[in-house]
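# Fold and contact review
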Amino acid sequence: MDSFPTAEPGTPPAGLRETKKRETRRLISDHATRLFIEQGFERTTIAEIADAARVAKKTVTNYFPRKEDLALDHQEEFVRGLALVVAAREPGESALAALRRSFLTAVAEQDPVAGFAGPDFSRMIAESPTLSVCLRGLHDRREDALAAALAEATGAPADDITPRAAAAVLGGVHRALFTRIQDLTLAGRANPEVAEVVEAEAVRAFDLLEPSLGDYARA
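These lines cover the structure that appears in this document, whether it is placed above or below. (Residues numbered from 1 in each chain as written. Predicted model: local features only at pLDDT ≥ 70, side-chain atom pairs only at ≥ 80, totals over all residues. Heavy atoms only, no water.)

## Section: the overall build of the protein
The criterion, for reference: A helix here means a DSSP run of H or I that spans at least four residues, while a strand means a run of E at least two residues long, and both kinds are numbered starting from the N terminus. The buried label applies to any residue whose accessible area, calculated with a 1.4 Å probe on protein chains only, is under 20% of its type's maximum; exposed applies above 50%, and partly exposed to all values in between. A contact between two residues is defined here by any heavy atoms of the two lying within 4.5 Å.
Broken down by element type, the protein carries 10 helices and 0 strands. Scanning the protein from its N terminus toward the C terminus, one meets helices and strands in the order α-α-α-α-α-α-α-α-α-α. Overall, the C-alpha framework of the protein stretches about 65 × 60 × 30 Å when taken along its three principal axes. Within the span of the protein, comprising 219 residues, buried residues form 40% of the whole. Across the protein, the fraction of contacts at a sequence separation of at least 24, relative to all contacts at a separation of at least 6, is 70%.

## Brief notes about unusual backbone geometry
One non-glycine residue with positive phi stands out, namely Arg54, at about 60 degrees. Positionally, Arg54 belongs in the loop between helix 2 (46-53) and helix 3 (57-63). A positive phi angle is found at Gln110, which is not glycine, with a value near 50 degrees.

## Observations concerning the pattern of salt bridges
Using the following cut-off: Think of a salt bridge as a Lys or Arg side-chain nitrogen and an Asp or Glu carboxyl oxygen that are within 4 Å of each other.
Summed over the entire model, instances satisfying the criterion amount to 14 salt bridges. Salt bridges sharing common partners tie together Arg100, Asp207 and Glu210.

## A word on helix 8 (residues 129-154)
The condition is simple: By this rule, a helix spans an expected 1.5 Å times one less than how many residues it contains.
Under the 1.5 Å per step criterion, the end-to-end length of helix 8 is 38 Å for 26 residues, consistent within 8% with the ideal 38 Å. Within helix 8, burial applies to Leu131, Ser132, Cys134, Leu135, Leu138, His139, Arg142, Glu143, Leu146, Ala147, Ala149 and Leu150. Those residues of helix 8 that are buried lie in contact with helix 4 (67-71), helix 5 (75-87), helix 6 (95-109), helix 7 (119-126) and helix 9 (162-186). One or two steps after helix 8, the chain reaches Gly155, where phi turns positive at roughly 65 degrees.

## Considering the packing of helix 5 against helix 8
The test is simple: Structural elements are reduced to axes, namely lines fitted to C-alpha atoms, with helices fitted over the stretch in contact, and the angle between N-to-C directions of any two is expressed from 0 to 180 degrees. Each angle gets one of four labels, with under 35 degrees taken as roughly parallel, over 145 as roughly antiparallel, 65 to 115 as roughly perpendicular, and the rest as oblique. Two helices crossing with the near one rotated counterclockwise from the far one by less than a right angle form a left-handed crossing, whereas a clockwise rotation gives a right-handed crossing. The classification used treats Ala, Val, Leu, Ile, Met, Phe, Trp, Tyr, Cys and Pro as nonpolar, Asp, Glu, Lys and Arg as charged, and all other residues, Gly among them, as polar.
For the pair helix 5 and helix 8, interaxial distance at closest approach is 8 Å and the crossing angle is 25 degrees. Put simply, helix 5 runs roughly parallel to helix 8. For the pair helix 5 and helix 8, the sense of crossing is right-handed. Residues Gln75, Glu76, Phe78, Val79, Leu82, Ala83 and Val86 of helix 5 pack against Cys134, Leu138, His139, Arg141, Arg142, Ala145, Leu146, Ala149, Leu150 and Ala153 of helix 8. Residues belonging to the contact of helix 5 with helix 8 are distributed by class as follows: 12 nonpolar, 2 polar and 3 charged.

## Remarks on the packing of aromatic side chains
Each aromatic ring pair is summarised here by two numbers: the centre-to-centre distance and the angle between the ring planes. Filter applied, for reference: Within 6.5 Å between ring centres, the rings of Phe, Tyr and Trp (the latter by its six-membered ring) count as paired, and their orientation is classed by plane angle as stacked under 30 degrees, edge-to-face over 60, tilted in between. By definition here, charges over rings are those cases where NZ of Lys or CZ of Arg is within 6 Å of the ring centre and within 35 degrees of the ring normal.
One pass over the structure, following the stated rule, counts 3 aromatic pairs. With a centroid separation of 4.8 Å and an interplanar angle of 55 degrees, the aromatic rings of Phe36 and Phe41 are classed as tilted. The exposure class of Phe36 is buried, given its relative accessible area of 1%. Positioned over the ring face of Phe41 is Lys67, at 4.6 Å from the centre of the ring.

Shown next, in the form of structure tokens:
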């Protein structure tokens, strides 16, 4: 009879190993962010991050294959965010209504993924050509994921441009609002004030889309 495999003596249980991995990842990320803010992204090396976290360089690259991943470590959450909102929209709710509701909730919560990352982090991105390019790429990938979600939600054929066009418009509004949050933050506005300004602007921005997309992809 087969038996369950046993761990080698001295090997921590699986749950403990996963906890240790999360702690190590967080430790590396925290030290990397601190150094990026203090020295600038381009001037900070992987070796310096490894030394600060007291791990090997190989450990850093195992957890974060690209240097950009160390600075923007919620990339997949950002990329999938809009698509997941569409997929989880409520009965009778359109894609526009679901995305509006989700964004306004993120503003009320001052969610870092929506752009409320604070002045130091926002400045780090703005001053780094590499991170600025990476962020634009993440916006593009988020729009692609949204287009795929809209196509699935509406049953659109593969050659239908409608989901792509709708995603470009909806993604464009989110991109503009994200940039607005960053700009206000870099101008010295505190998060509560930024949230108040952006909430009103977001309502106006989404209202502009209501005539064309108000009923699109209604669940």
